[in-house]
Structure formats: C-alpha cells, structure tokens
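Geometric and topological summary
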Amino acid sequence: MVPGIDRKSRIVFWKEVRDLSRDYRTIVSVILLPLLGLPGLAILTGALLSAQYVEVAIIVNDTSSWRFAEALASDIKSVLARAGLQSSVGLYSSWPNTSVDVVVFIPAGFYSNISRIDGTGVVIVSSLIGSQASEIAVNNIIALINSKSRSMVLDRVSELSERAGLDLDPGGVLNPIRVQKGFHRATGAPATGEEASVAFSARILEFSLFFVVNPAVVFVSDSIVGERERRTIERLLVSPLSRRQLLVGKMLASAVLGLIAAAADGAGILLFFLLAGISFALSTSIIGVWLASVILLIMVTSAIVSIIASRSESIRSAQNLSFLVIIGAMAIYFSSLMVDLTKLPGTVSLVMQAIPFTHAALTIHYYALGDLASVARHFAILAIYWIALLLVAARTFNTEKLIIVKT
Amino acid sequence: MIVVEARGLVKSLKGKPILKGVSLEVSRGSIHVMAGPNGAGKTTTIRIILGLIRRDGGEVKVLSVDPESGEWDSVRRRIGYLPEDAGVYDRLTGLENLWFNALLFADGDERLAKDYLARGVEISGLSMDQLSKRAGSYSKGMKRRLLLASALMHSPELVIMDEPTSGLDVIAAYRIKSLIREMAEEGTSFLLTTHDMLEAEQLADRVSFIMNGATIAEASPRELMESYNSENLEEAFVKAVEALGAGDRQEV
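Residues numbered from 1 in each chain as written. Chains lettered and ligands numbered in written order. Predicted model: local features only at pLDDT ≥ 70, side-chain atom pairs only at ≥ 80, totals over all residues.

1. Structural notes on the overall build of chain A
Inclusion rule: Elements are defined by DSSP. Helices are runs of H or I of four residues or more, strands are runs of E of two residues or more, and each kind is numbered from the N terminus. Atoms counted for the radius of gyration: C-alpha only. Globule rule: 2.2 Å times residue count to the power 0.38. Any residue pair is listed as a contact if its two C-beta atoms, each placed from the backbone, are within 7 Å.
Check the secondary structure of chain A and you find 16 helices and six strands. The C-alpha atoms of chain A give a radius of gyration of 30 Å, which is well past the 22 Å a tight globule of 407 residues would have. Each of the three principal axes of chain A carries a C-alpha extent, and together these read 95 × 55 × 35 Å. Within chain A, residue pairs in contact and separated by at least 24 positions form 80% of the contacts whose partners lie at least 6 positions apart.

Structure representation (structure tokens):
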C-alpha cells in the first residue's frame, strides 16, 4: 500500500466519493459527454461525409473513346460510392452548362493513343477549387485511372512477349524490385505485423492520456477550493486530520472518479477512431499499462492541482490556473500522436523529460516497443514525481490563504 | 486550571494590522465570551488559537499546547469548533455529515463513531426523517443544528464557537444557549464570540471586550458592569470604548 493512506485518509476518501459522485452536473460534463459525445461526433462526421453529393462530368472530345468513357463513368460511380460519396456522373461532348465538381476531359486522339502499344493517352482531371468533396472524388478517380493504366501495361507486356516469342511474367517485368516489409523491436528481435499494429495503436492510447488530465483538474479543484466555497474547510482543518491525510484522501477520491472518467473518455476516443474508420489493435497487457499510467498520471495531476488550488481564490481561478497544466499535457499528448518522443535531440528530450506528463506517454510507448526496462524506469519516475509533488503540496498547503477569503 | 491562554496576540494581513494585542484566559468549565463589534478581531483571534493562521507575535497555549507546535495534532480531537458562517456538505445527507465527523474524531473506530453519531443525532434535535435528507435542502437553522452537533458530538474538553447564534431564530438560539450552559455545568470549557452584548451577559462567566484588534477589558459580566458603573454589559462596553481614549487595557 502507498505510504500515507491510513484510516483518516480513507474517511476523507469515503466522504469525497459520496460528495463528488452526487455532483451530477460535473459527472455529466466530465464522464457522459465524452463517452457519448466523441462517438456521436464520429457518427455525425461520417454521416455528413457520406451525405456529400459530387457531380462528375466526363467530357469526351474523341468520338472513338465513347465506349471507354461509358465504362469509366460506371467505374467512377462505384469507386465514389465505396469512398462514401454520393455522385452523379454524366457524359458530355462539350463543357456542361451546369456547375460541376469534377471534370474528366478526354481529348481528341485519346483512344488511338492508348490503342498503340507504345502510345500515351492523356486524361485531364480537374477539381472545383475549395471543395473538400471534389478533392476526395478526384483522388479516387486518379487512383482508378492509374489502376486501368497498370492493367493496360500488363496487356501490352503480354502482347510484346508473345510477339517476341518469349515466356515472360508481365508482373515481373513491371516490378523488377519488390519491397517486403518487416518489423523489429527496439532490442533488434523480429516483431510480427500484429505487434507493429499494436505499437501504432499505442499512439492513440498515448493521445488519450490528454483526456485523463482534465477530469483530475476538475475534481481536485472542486474538492479543495470547493471546501472553502462551501465554507466547510475551517472545521475540516481543525479536525484531527493532518494536511497530508486530507490531501491523500482527496487525491484518492479524485483518482477513482478520474479513472472512471478516463475509462469513459478512453472508450469514447476508441469509439471515435473506430467509427471514423481508423482500425487499430490493442492487447490486454497494453491496456493494463495504459491503466497504470492513467492512475499515476491522475495522482501527479492531482498533486500539481492541489498546490495551485490551495493558493486560489475560487474554483474558477483554480481551474483557470490549472489550465496551464492542461496546456502542458495537451502539447505532449497531441504531439505524441505525430512525434516519436524517444527520437528527439538531447536538449529537447531533457526538457520533455522534466515534464511529468511525458513519462506517462513513454510508459505506453516503450511497452509497445517491447522495452520493459524503460517501461519500469518511466513508471518509477512518475511515482517519484507523485510522491515529491504530494510532499510539496502537503508542506505548502496554505491554510491561511484557503481560510481568508478576499472580500 | 487554564485551558486557553493568549497573551499579546499580534497579526497583520496583507500589511494591515488586524490584531494589536489580544489577551485572554479561559478557565476549565467556564464560558468565556469575546464580545465586540464586527471587525474587532474576534474571528482572527479564534483562528490563531486554533492554529488555522499563524500569529506575528504573542503567545498562545491551548490545553497546554502551542497551536503552532508539532504537538498540536494530538490536541485537536479534544476541541470542538463551530465557525461563524460554516457550511455543511450539501450533497451528503444530514446523517452522512454527522457520520463523517464522527469517524474523523473516532479515528476510524466504528464503535466509538457510532456512540458519537448517537450523541450528535440527539444534540441536533433533528428527526431521522430529516437527517436522511440531503443537507442542501435544510433551512439555515437546521444546518446550524447539524454543525453544532458535529462540534459537540465527541464531548470535547474545549468548545470554541464563533457567533454561535448568529442569524438564528429565537427558539433555535435559545436551544443553543441552553445546551452551552448545560455542557459548561458538566465541565466543558467554552470560548465564544458575539457582537450581541445581551447574549454575552446571559451566557458568560467571563467576558473580554475586544475593540480594534485589542482586549480593552476582561472580567466577569457583573464586575465589568460594576467597574463601568453600568446597568448592562452593552453600556459597560460603550463606556469601556470611551475610556479607550487613554489607550489602556482595563484589568478589573
């Protein structure tokens, strides 16, 4: 058991959990909103994306290309439907009078060019500027045309090999070098594709830590400054309860509620990514490491906020000041989505390691890489940060400031 | 035996002098009232006595211990405290409020806490039906009774109350005063503050007049009235303040 969690801290914990768990407004905003809101956001975004309507015009300036254009129109319709876009694809002999989002222009001589064994047929694909849907449609259309081009190349190679009387593999002619992708761990040992997926998904878990910090800030600010605002702090400070017991009890309660909020937020984030079509793989053990990081992160955040809260005039000012803490956490966890925190140059790395939040992300990161020694090191650093910050919070707990309200 | 002894307390907040020399003594089993107008320094004195804020000068001993010393934690369970505008935990029921307090003072010993709770319920005078409701729904008087019960449930040796009857209706105030007298007769020592001289006269065995952060007189109500040739304590206080021109503390 962590030192300092004695009977009196547990009494405070009991009171805090009862009190905070009945603060329905906070619970709704901190727990239910992310749990329902984030997946809801993904569903809404997905629904809006698929509701987009794109008009595609294929302008055929080459009478021989009509059959090709008709087949292309049908393929474009299917490709755009698979991309979640509704579309209408029309064939025209000149620029249509109506506004269109995408134009596929087939110039004169196109068909004769592609019919030659070494000819190049040019297709001009144009998108409406400033239209996100047009961009998505154009990218899909270009990919479709490239795929058609590749199958034409294979036909041409087959024909050439036949003419030359050679037994050739068209695929081999087309791809003289093939890349085979593999994975390895930090130790150099080979890793499976599944492990690589888990490591990639770990970034989402690192990012989700951001949502853990906010509930901890809300609960601890309310728990400490709220005592003053509700005018219960004086009796509590006169009771046979040490500052450390009081803080530990409050932090534990915030940790439990913060953990519930974090689980809800984490589930919300995962649902958001799932519904947004981003697939990821997670193992039970990495979720275990995430949970352990979350607990320590909540305790560290609680200790930092306790130091701030005991010097704040109101819950609002405590939360405003604590916003600086949130910004720090936000910077780290957002960057962990795109930046490899272990690959930073010395000085930058030193600055990052001085911020306790970094270590919570690194435990998950290193676990995903299979480097258990580093996982243990960063867990230890987080725990040391917590104990040190708790001691500072207890030592600097400013009862005078808490009691004497500015009027 | 003296349970509270304060000598020459001095305190400034943000550079503004709040206390310039408050002294008082509370004897065991007596009711000592600090009387004076709002802003005289009564609450600050109490907070120093309870170790909630640090003094800039002077000496304090409560139950023979300095509140700023390391031994203070051992003394706190022997004290009951009712701040002037204290609140209750609105989201807890009345019973949960009492139980939390009982557990704290019983150091988690559930059997002892149950005894404290039973006494708290009795002192509060609230029915079980009322106590099972959330304290946030209580009237001001009911909240005050709950706080009073919390302050007294563990049978403290010393009870410190800041304006105990402030804002209460006549009946609620009468009940509290009766309880204070009853407990004092049983040996509990009381240090109270009030700006109501009639209340001081009714309750006190000994009164300290506090004005502008200093004790200007200290004696029994009868002695103060005799000393200032007054018919009541209110008049005595006014005369003590008028005599302050000389700047002396009157020892009667």
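2. Considering the overall build of chain B
Heads up, the condition is: Exposure in this text rests on C-beta crowding, where 20 or more other C-beta atoms within 10 Å of a residue's own make it buried, 12 or fewer make it exposed, and counts in between make it partly exposed. The C-beta atoms are placed from the backbone.
Secondary structure assignment for chain B yields ten helices and ten strands. For 252 residues, the compact-globule formula gives about 18 Å, and the C-alpha radius of gyration of chain B, at 18 Å, lands near that figure. Across the 252 residues in chain B, those meeting the buried criterion constitute 49%. Relative to all contacts within chain B whose residues are 6 or more apart in sequence, the contacts with residues 24 or more apart total 67%.

3. A closer look at the interface of chain B and chain A
Applied cut-off: Classification convention: Asp, Glu, Lys, Arg as charged; Ala, Val, Leu, Ile, Met, Phe, Trp, Tyr, Cys, Pro as nonpolar; all other residues, Gly among them, as polar.
Opposite the 28 residues of chain B that make contact, chain A presents 23 residues. Listed by contribution, the elements that provide at least two residues to the side of chain B that touches chain A are α2 (72-76), β5 (79-82) and α3 (94-105) of chain B. The dominant element in the side of chain B that touches chain A, judged by the number of residues it contributes, is α3(B), at five residues. The residue makeup of the side of chain B that touches chain A, split by class, is 15 nonpolar, three polar and ten charged.

4. Notes on the packing of helix α1 (residues 7-21) of chain A against α3(B)
The test is simple: To define axes, lines are fitted to C-alpha atoms, for helices over the stretch in contact only, and angles between the resulting N-to-C directions are given on a 0 to 180 degree scale. By definition in this entry, angles of less than 35 degrees are roughly parallel, angles greater than 145 are roughly antiparallel, angles of 65 to 115 are roughly perpendicular, and the rest are oblique. Note: crossing handedness is left-handed where the near helix turns anticlockwise from the far helix by less than a right angle, and right-handed where it turns clockwise.
Interhelical geometry of α1(A) versus α3(B) gives an angle of 165° and a closest axis separation of 9 Å. Considering their axes alone, α1(A) and α3(B) lie roughly antiparallel with respect to each other. As for how α1(A) packs across α3(B), the hand of that crossing is left-handed. Along the contact surface, α1(A) presents Lys8(A), Ile11(A), Lys15(A) and Arg18(A), while α3(B) presents Glu96(B), Phe100(B), Leu103(B) and Leu104(B). For the contact of α1(A) with α3(B), the residue count by class is four nonpolar, no polar and four charged.

5. Notes on the sheet that holds strand β4 (residues 124-127) of chain A
Residues and elements named next belong to chain A. Note the threshold: Two strands qualify as a pair provided that DSSP identifies no fewer than 2 bridges between them.
Read across the open sheet, the four strands follow the order β2-β1-β3-β4; overall the sheet is mixed. This sheet does not close on itself; its edge strands, each paired only once, are β2 (86-92) and β4. Recorded for the sheet is a direction-independent mean angle of 15° between the axes of neighbouring strands. Pairing between strand β3 (residues 102-106) and β4: four bridges, direction antiparallel. Paired with Phe 105 across the two strands is Ile 124, which belongs to β4.

6. Structural notes on the domain arrangement of chain B
Residues and elements named next belong to chain B. Which entries qualify depends on this criterion: Here the bounds of each domain stem from an automatic or database domain assignment.
Structurally, chain B comprises domain 1 (2-78 + 157-251) and domain 2 (86-155). Just the C-alpha atoms count here: the centres of domain 1 and domain 2 sit 26 Å apart. Contact residues are listed per partner, giving ten residues for domain 1 and ten residues for domain 2. Classifying every residue of the side of domain 1 that touches domain 2 gives six nonpolar, one polar and three charged.

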